Number of protein chains: 2
Amino acid sequence: MINQKYLNTFMKLVETQHFTQTAEQLFMTQPGVTQHIQKLEKYFNTLLLQRYGKQFELTLAGEKLYQTGLKMRLLEEQLSEQINHDDPTQGHCSFACSGPLANFLYPHFISYQSLHPQLSISVEAAPNKNIINDLLTNKVDLGIVTVEVIQEQLKQTLLATEELQLILPASFAQEAKKWSFVDLNNIGFINHPDGLHFIEKVFTANFKADYKGVNSLNVKGYVNQLQQILLPVAKGLGFTILPKRAVLQFKQQDQLTVVSLEHVIEETLYLTQKRYRQLPTRYDWFESKMKMLLS
Amino acid sequence: MINQKYLNTFMKLVETQHFTQTAEQLFMTQPGVTQHIQKLEKYFNTLLLQRYGKQFELTLAGEKLYQTGLKMRLLEEQLSEQINHDDPTQGHCSFACSGPLANFLYPHFISYQSLHPQLSISVEAAPNKNIINDLLTNKVDLGIVTVEVIQEQLKQTLLATEELQLILPASFAQEAKKWSFVDLNNIGFINHPDGLHFIEKVFTANFKADYKGVNSLNVKGYVNQLQQILLPVAKGLGFTILPKRAVLQFKQQDQLTVVSLEHVIEETLYLTQKRYRQLPTRYDWFESKMKMLLS
DNA sequence: AATTAACCATAATATTTTGTTATTATGTTT
DNA sequence: AAACATAATAACAAAATATTATGGTTAATT
């Protein structure tokens, strides 16, 4: 690592062109200046000054070091100015949530971003597990997940609840029919990243007698693209379970039937973040906006 | 100045998230790491780490310091890579010379620049005195002047010689007339930045008997724009003295007469640079190009 | 030309800074 | 509950850094 004190002495020397004056201005003695320059020359293994008489010119290396020094000086100045500032209208904001939620939230975010162009916003759609992992590794700052986390490092606040809907192909629609686990399992399940988690919640509440865990489930497919999960259902290939907001985003609503369940299961959305990590104030707007939109 | 060693320790700590591992990887002991962080926190007068148990998260300040550290690390890497390189096809080249010469040279320079877009080229038209001053203060690296300099800090090589021409309005043209100092002084002198210097050289050689120094000269005007020096001459308002190349650049040649002098005076062009200052190799092409063009 | 003053380099020494060892306190895991 | 791992602190050792004293050059002055 380059010694900044030496570099500073060098820069002052370049500016004064004078060892003794450099020493005076930096409140040190002249031999100190000489030694600093010598240390730098040893460190870079190059002459920095072309000496002649008691004067000198910079060598090419010296010139480059000086230029770099200017840039470093700038970086340092900016840092000490900014290190205790927390501007709510600039910087990077990173979010992760489920696909449907991302689709829903992102338009609101970008209209805010256009008010504050200094903001940079990234929203990643991902399943709960990945979101939690991204939070733990600081890849995102704020996540919305549908599970309570066990990690002590994370903290959560309740954002909203949303109904989980059991979706059948419209072709299977039968008024007031009371569907059983066996009926559904004959049709087959279209899985997705949160699919089994939803099954567990909805089926244990509604089909306690017959449902014996995910192993007994007839899984007919899997897809992790939000827009595509409901396609096989629409085509009559199977049923699935999704949050209401995800179902509403599907184009061909007439191809689907929402089965009304005896025990309505609400999925809970938790705003999740690192417990010991202070978020910049630029996140404040997003937090309150999300609470407003989702409540 | 921020201590780079401390910063380096901090960066490693951010990357390992672990004091002991940081110490091992940097071949130091764990208390050293603790102390480095403490020194940085004292220096910035802010917490950099939010500690909990034996773990920690970065504070906002810590995050900013880490980001700045990354930039500094990059600067340093680039420097140590480049400090002993001297690429002839990139970097800044600065020249100063007389206006006519600048007009003549610059087109050749820019066509070279278009071959090597990494080059940046500046050519400044200025009188000798300014050129010398700019060289001494490192504002330009290479200059062309028409005088021998006295400063020991500068070195010169002969580039070319060029005839100094005495220019009269075309209306004054008289075949084979032998002009005297008094004739000319009646017409009056149009001065320019190098005007008196040229007068001195040409008149002492040609009108030794009558010319008694610049004080006796009838100066009718002054302008330091190359394109405009010959305008008053063309209009019949006075005579002037210019290098041949400057005269050739004037549009209305038919308005001018070049007086043939008994003693032709050649102006000498000296390539001038700092004696103890090595020029980057990117100047090599320019030096040889200029020699080629002007010889 | 001789003298003086200004300036930078070097060597030896003093001082300050930095790093280490030993130890304690506090969590974490078995 | 015991063993282990980790970070903080204090005291001390080591290293880095700065200063004083001095000498050799170069430039300025007489």
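Residues numbered from 1 in each chain as written. Chains lettered and ligands numbered in written order. Predicted model: local features only at pLDDT ≥ 70, side-chain atom pairs only at ≥ 80, totals over all residues. Heavy atoms only, no water.

Colleague: So what about the overall build of chain A? Which residues, and what values?
Modeller: The secondary structure content of chain A amounts to 11 helices and 11 strands. Relative to a compact globule of 295 residues, whose C-alpha radius of gyration would be 19 Å, chain A shows 31 Å and is clearly more extended. Overall size of chain A, expressed as C-alpha extent along the three principal axes, is 105 × 35 × 35 Å. A total of 295 residues make up chain A; the buried ones form 46% of that total. Residue pairs at least 24 apart in sequence account for 72% of intrachain contacts in chain A once pairs closer than 6 positions are excluded. Put simply, chain A shows about 15,100 Å² of open surface, and 51% of that area lies on carbon and sulfur atoms. Here chain A contributes 28 positively and 28 negatively charged side chains, and the mean placements of these two sets differ by 5 Å. (Helix = DSSP H or I, 4+ residues; strand = E, 2+ residues; numbered from the N terminus. Rg over C-alpha atoms; globule rule 2.2 N^0.38 Å. Buried < 20%, exposed > 50% of the residue type's maximum accessible area, 1.4 Å probe, protein only. Contact = heavy atoms within 4.5 Å. Areas by Shrake-Rupley, 256 points an atom, 1.4 Å probe, with all protein chains shown as cover. Lys, Arg positive; Asp, Glu negative; His and termini not counted. Charge placed at Lys NZ, Arg CZ, Asp CG, Glu CD.)

Colleague: Outline the relation of the copies chain A and chain B, listing residues and values.
Modeller: Superposition of the two copies of the chain requires a rotation about an axis together with a shift along that axis. Its rotation angle being 180°, the transformation that places chain A on chain B also includes 0.0 Å of axial translation and leaves an RMSD of 0.1 Å. The symmetry that links the two subunits is that of a two-fold axis. Taken as a fraction of all interface residues of chain A, those also at the interface in chain B reach 100%, which identifies the copy contact as same-surface. (Least-squares fit on C-alpha atoms with pLDDT ≥ 70 in both.)

Colleague: So, the side chain of Gln-4 of chain B: which residues are in play, and what are the values?
Modeller: Residue placement: Gln-4 of chain B occurs in helix H1 (residues 4-16). For Gln-4 of chain B, a relative accessible area of 6% translates into the label buried.

Colleague: Explain the pattern of salt bridges to me, and be specific about the residues and the numbers.
Modeller: Pairing between side chains of opposite charge can happen when their charged atoms approach one another. The full count for this structure, using the stated rule, is 21 salt bridges over all chains. One salt bridge connects Glu-162 of chain B with Arg-245 of chain B, and the closest N-O pair in it is separated by 3.3 Å. Of this pair, Glu-162 of chain B sits in strand S6 (residues 154-169) while Arg-245 of chain B is found in helix H10 (residues 244-248), placing the two residues 83 residues apart along the sequence. According to the relative accessible area criterion, Glu-162 of chain B is buried, its value standing at 10%. Note that Asp-183 of chain B and Lys-177 of chain B form a salt bridge whose closest N and O atoms lie 3.5 Å from each other. Residues participating in the shared-partner salt-bridge network are Glu-63 of chain A together with Asp-141 and Arg-277 of chain B. (Salt bridge = Lys/Arg side-chain N within 4 Å of Asp/Glu carboxyl O.)

Colleague: Lay out the interface of chain A and chain B with the relevant residues and their values.
Modeller: The partner chain B presents 37 residues to the 37 residues of chain A that form the contact. Taken over both partners, the interface formed by chain A and chain B buries close to 3,600 Å², and the fraction arising from carbon and sulfur atoms is 64%. The tally of links from chain A across to chain B stands at 4 salt bridges. Here Glu-57 of chain B makes a salt bridge to Lys-274 of chain A, at a shortest N to O gap of 2.7 Å. Joining chain A to chain B, the criterion identifies 15 residue pairs in polar contact (both at pLDDT 80 or more). Listed by contribution, the elements that provide at least two residues to the side of chain A that touches chain B are helix H1 (4-16), helix H3 (30-44), strand S1 (49-52), strand S2 (55-58) and helix H4 (60-82) of chain A. (Buried area = accessible area lost by both parts, 1.4 Å probe. Polar contact = N/O pair within 3.5 Å; in protein donor to acceptor, adjacent residues only side chain to side chain.)

Colleague: Give a description of the protein's contact with DNA strand D that names residues and reports values.
Modeller: DNA strand D sits among 22 residues. The nearest are Tyr-6, His-36 and Lys-54 of chain A together with Gln-38 and Lys-54 of chain B. In DNA strand D, atoms within 4 Å of the protein come 63% from sugar and phosphate. Take Thr-29 of chain A: an N or O atom from its side chain is 3.0 Å from a phosphate oxygen of DNA strand D. Interatomic distance of 2.9 Å between a side-chain N/O atom of Gln-35 of chain A and a base oxygen of DNA strand D. Of all the secondary structure elements, the ones that give two or more residues to the surface near DNA strand D are H1 and H3 of chain A together with helix H2 (19-25) and helix H3 (30-44) of chain B. Each residue belonging to the surface near DNA strand D can be placed in one class, and the counts come to 5 nonpolar, 12 polar and 5 charged. (Near = heavy atom within 4 Å. Nonpolar A, V, L, I, M, F, W, Y, C, P; charged D, E, K, R; others polar.)

Colleague: Describe helix H11 (residues 282-294) of chain B, with residues and values.
Modeller: Among all positions of H11 of chain B, only Arg-282, Tyr-283, Phe-286, Glu-287, Met-290 and Leu-294 of chain B are buried. Down the axis of H11 of chain B, the sector holding all buried residues measures 130°, keeping them to one side. (Arc of directions from axis to C-beta.)

Colleague: Before we move on, could you go through the pairing of strand S4 (residues 119-125) of chain B and cite the residues and values that matter?
Modeller: Residue and element names in this part refer to chain B. Bridge count between strand S3 (residues 91-97) and S4: 7 bridges; the pairing is parallel. Of the residues in S4, the one forming a bridge with Ala-96 is Glu-124. In the classification by handedness, the crossover that spans S3, the intervening helix H5 (residues 99-115) and the parallel S4 is right-handed. (Pairing = 2+ DSSP bridges. Right-handed = clockwise from strand over helix to strand, strands pointing away.)

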